[in-house]
Amino acid sequence: MSSFEVLHKDVLGRIGKLYTKNGVVETPTLTPVVNPYKNVLEPAEIKSIGFDLVITNAYLIKKHYGEVAVEMGVHSLLGVKGPVMTDSGAYQLLVYGDVEVGPREIFEYQVALGSDIGVILDIPTRLSSPKDRVREEVEETLRRVREALTVDRRGMLLVGPVQGGLYLDLVAHSASALANTDGVDLYAIGGPTQLLENYRFADLVKLVMTAKMYLRPDKPVHLFGAGHPLIIPLIVAMGIDLFDSASYALYARDLRYMTPFKTYRLEELEELPCSCPVCSSIDIGDLKEMPREEVEPLLAKHNLYVLLREIRLTRQAIREGTLWNLLESRAKLHPSLYPAIDMLRKYIHFIEKYHPTTHAKVSAEFFYDAKSRYRPTVYRHFLRLRDRYEPPRRRILVLLPETESKPPTRYGWVKELLAKLESLKEVVHFAVYSAVYGVIPLELDGTYPLSQYEAPNSLVGEVYSEVASDIAWYVRRYYSMYYKAGVVILHYGEYGKVAHAVTSVLRSEGIRCEVLECQLDDLDATANLLRATVKLLLGGSSYA
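What counts and what doesn't
- Residues numbered from 1 in each chain as written.
- Predicted model: local features only at pLDDT ≥ 70, side-chain atom pairs only at ≥ 80, totals over all residues.
- Heavy atoms only, no water.
- Core = buried A, V, L, I, M, F, W, Y, C linked by side-chain atoms within 4.5 Å.
- Buried < 20%, exposed > 50% of the residue type's maximum accessible area, 1.4 Å probe, protein only.
- Helix = DSSP H or I, 4+ residues; strand = E, 2+ residues; numbered from the N terminus.
- Contact = heavy atoms within 4.5 Å.
- Polar contact = N/O pair within 3.5 Å; in protein donor to acceptor, adjacent residues only side chain to side chain.
- Pairing = 2+ DSSP bridges.
- Axes fitted to C-alpha atoms, helices over the stretch in contact; angles between N-to-C directions.
- Salt bridge = Lys/Arg side-chain N within 4 Å of Asp/Glu carboxyl O.

(A) Just the nonpolar core, in detail. Grouped together as the largest cluster of nonpolar side chains are 112 residues, with contacts concentrated most on Val 205, Met 209, Leu 234, Ile 235, Phe 243, Tyr 248 and Leu 344. Per-element accounting of this core gives the leading share, 10 residues, to helix α14 (residues 292–320). Excluding its chain neighbours within four sequence positions, the residues that come into contact with Val 205 are Thr 210, Leu 234, Met 238, Ala 340, Met 343, Leu 344 and Tyr 347. Leu 450, Val 475, Ala 499 and Leu 537 belong to the second-largest nonpolar core, a separate cluster that totals 64 residues.

Structural data, given as structure tokens:
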């Protein structure tokens, strides 16, 4: 049986269950880092807030407690029940350049501690390291993974780290090698802390997405050192299932207060903009007057509640199929996040392969601006028009502007107009053109998500040239086989920009194309004009 079960998916994000020998972890989730000998909160208290899994440092445990910790076991040492993950000292290796333990020794020590999930002593990639050195470190990390596989793990899950930094070919090699190594239970991606500290979110996307393209999709993926609510929707959308951080405690020690949007220093706050159990039970004035040793645990708890809230919000978005909506709404909260979403769009061909076609709970997609069109569902629509769709055999294509009421065949003026044009149905194929999805054949308008989206009326004015290109592509593809008599494009308002732009292109290519202004307040006149135009395109012959 696999140790990982996927229950829901959206974009690359997954809600899943990770089975360990001491319990189940619901993913995606943060794994709060616990200092084994000095922590601002007791590990049991952290778990009680709602975190299934904590991570602690086996290297520090060995250094401070040695064999006593083995006799107690890591769960008793921390005073917790349920899953515990242990790291091996790689962070200390990154910071200090050396650790006083061997890779096999510390891995066997994690097994002896009774850890549920253990990480090998990998060699973290420094961004400043030359490529030749990084290549050697990647190979050594892979060798250590293979060595760990020879150890009797007594049910402990093995984490295989991907390294390589921003040498993306080395990241790809590392991930590919791990994917082809049987026995690795989880993957981890190393190096993000150096990027996150400098708000290099677009580079983080390149690192994570390169790894994801080569890792096996049936295994959970952990991201080392990522723990601010601002980036949770982004990393989850890239397929990160677990991520660890001590940010909740580090921020608290620095008297910093997390929100989903930014981090405040306590001294900046005039009130507590949160309703978590901590903030709803204390006044900002009282909090500022408390001794520091009392403030830090309260801030740490608050920070954990904020992180948990964002995790739960992200999980809910996955269930509803609205993770991309959440991703775009969060992207405008920080200038460095916006280019990260642009970078993610460059991997849309890969994302579309795993993005679900529908959801048990269907919610509307929100499109905010021109860039919103570049998402998996829109890309998939064009792929399916190209590869799976065959229009009905009609001599003329009539394109109608999209309506606010959807689907247009059931509501609004398009439905009314079609009822007046029954006589044309044997010679005309009707479709709408959308600021989001380009051409939507009316026989498909009830298919998810072609009628389950919302966009501002102004969007068509922003993207008219792109929509015109989309229509021209569709017409070119099918004109010679299906629409030999020509194309008619109806328009009103801003849709006129689309109609005239595409007509200019099609006529220049020798395709017969007529443009009609739609009179929404007189659909009988519009119907009569369309009938006359169709007759003209048919050469004056009858269409009845």
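Structure's up, so let's keep going.
(B) Examining the side chain of Ser 245 more closely. Structurally, Ser 245 is set in strand β11 (residues 242–245). Within the structure, the side chain of Ser 245 is placed 2.9 Å from the backbone nitrogen of Ser 247, a separation counted as a polar contact. Sequence-distant contacts of Ser 245, defined by excluding residues within four places in its chain, comprise Leu 30, Thr 31, Pro 32, Val 33, Ala 226 and Gly 227.

(C) Representation of the sheet that holds strand β17 (residues 438–441) within the structure. Strand order in the open sheet made by the five strands is β17-β16-β15-β19-β20, with mixed pairing throughout. In this open sheet, the two strands that pair with only one neighbour each are β17 and β20 (513–517). Across the sheet, the mean angle from the axis of one strand to that of its neighbour is 25°, orientation sign disregarded. Of the pairings in the sheet, the one linking strand β15 (residues 396–401) to strand β19 (residues 486–491) comprises four bridges and is parallel in character. Note on β19: the bridge partner recorded for Val 398 is Val 488. Against the sheet, helix α22 (residues 523–537) makes contact with β15, β16 (428–434), β19 and β20, and its axis sits at roughly 160° relative to β19, the strand it touches most.

(D) Quick peek at the sheet that holds strand β8 (residues 157–162). The eight strands are arranged β4-β5-β6-β7-β8-β9-β10-β11 in a closed barrel whose pairing can be described as parallel. Pairs of neighbouring strands in the sheet enclose a mean axial angle of 30°, with direction left out of account. Bridge analysis of strand β4 (residues 29–34) against strand β5 (residues 54–57) gives two bridges, and the strand direction is parallel. Pairing of Val 34 across the sheet is with Thr 56, part of β5. Where helix α2 (residues 58–65) meets the sheet, its contacts fall on β5 and β6 (84–87), and the angle it forms with β5 comes to roughly 50°. Where helix α6 (residues 103–113) meets the sheet, it contacts β6, β7 (117–119) and β8, and its direction lies at approximately 170° from that of β7.

(E) Expanded view of the pattern of salt bridges. Counted under the stated rule, the structure contains 35 salt bridges. The partner of Arg 292 in a salt bridge is Glu 296, with the nearest N and O atoms 3.1 Å apart. Of this pair, Arg 292 and Glu 296 both sit in helix α14, four residues apart, which is roughly one turn of that helix. Arg 292 sits in the partly exposed class, given a relative accessible area of 43%. Residue Glu 296 is classed as buried on the basis of its relative accessible area, which comes to 16%. Residue Glu 365 pairs with Arg 375 through a salt bridge whose shortest N-O separation is 3.6 Å. Placement of the pair is Glu 365 in strand β14 (residues 365–366) and Arg 375 in the loop between β14 and α18 (376–387), with a sequence separation of 10 residues. Under the relative-accessibility criterion, Glu 365 is labelled buried at 5%. Residues participating in the shared-partner salt-bridge network are Glu 328, Asp 342, Arg 345, Glu 365, Lys 371 and Arg 375.

(F) Molecular detail of unusual backbone geometry. For the peptide bond that leads from Thr 27 to Pro 28, omega is 0°, which places it in the cis range. Cis geometry is adopted by the peptide bond preceding Pro 449, which originates at Tyr 448 and carries an omega value of 0°. One can find Pro 449 in the loop between β17 and β18 (453–454). The backbone phi angle of Arg 154 is positive, close to 50°, even though this residue is not glycine. Assignment of secondary structure puts Arg 154 in the loop between α7 (131–148) and β8. Residue Arg 154 is classed as exposed on the basis of its relative accessible area, which comes to 58%. The phi dihedral of Leu 255 is positive, around 55°, even though this residue is not glycine. In this fold, Leu 255 is placed in the loop between α12 (247–253) and β12 (256–258). Here Leu 255 falls in the partly exposed class, since its relative accessible area comes to 22%.

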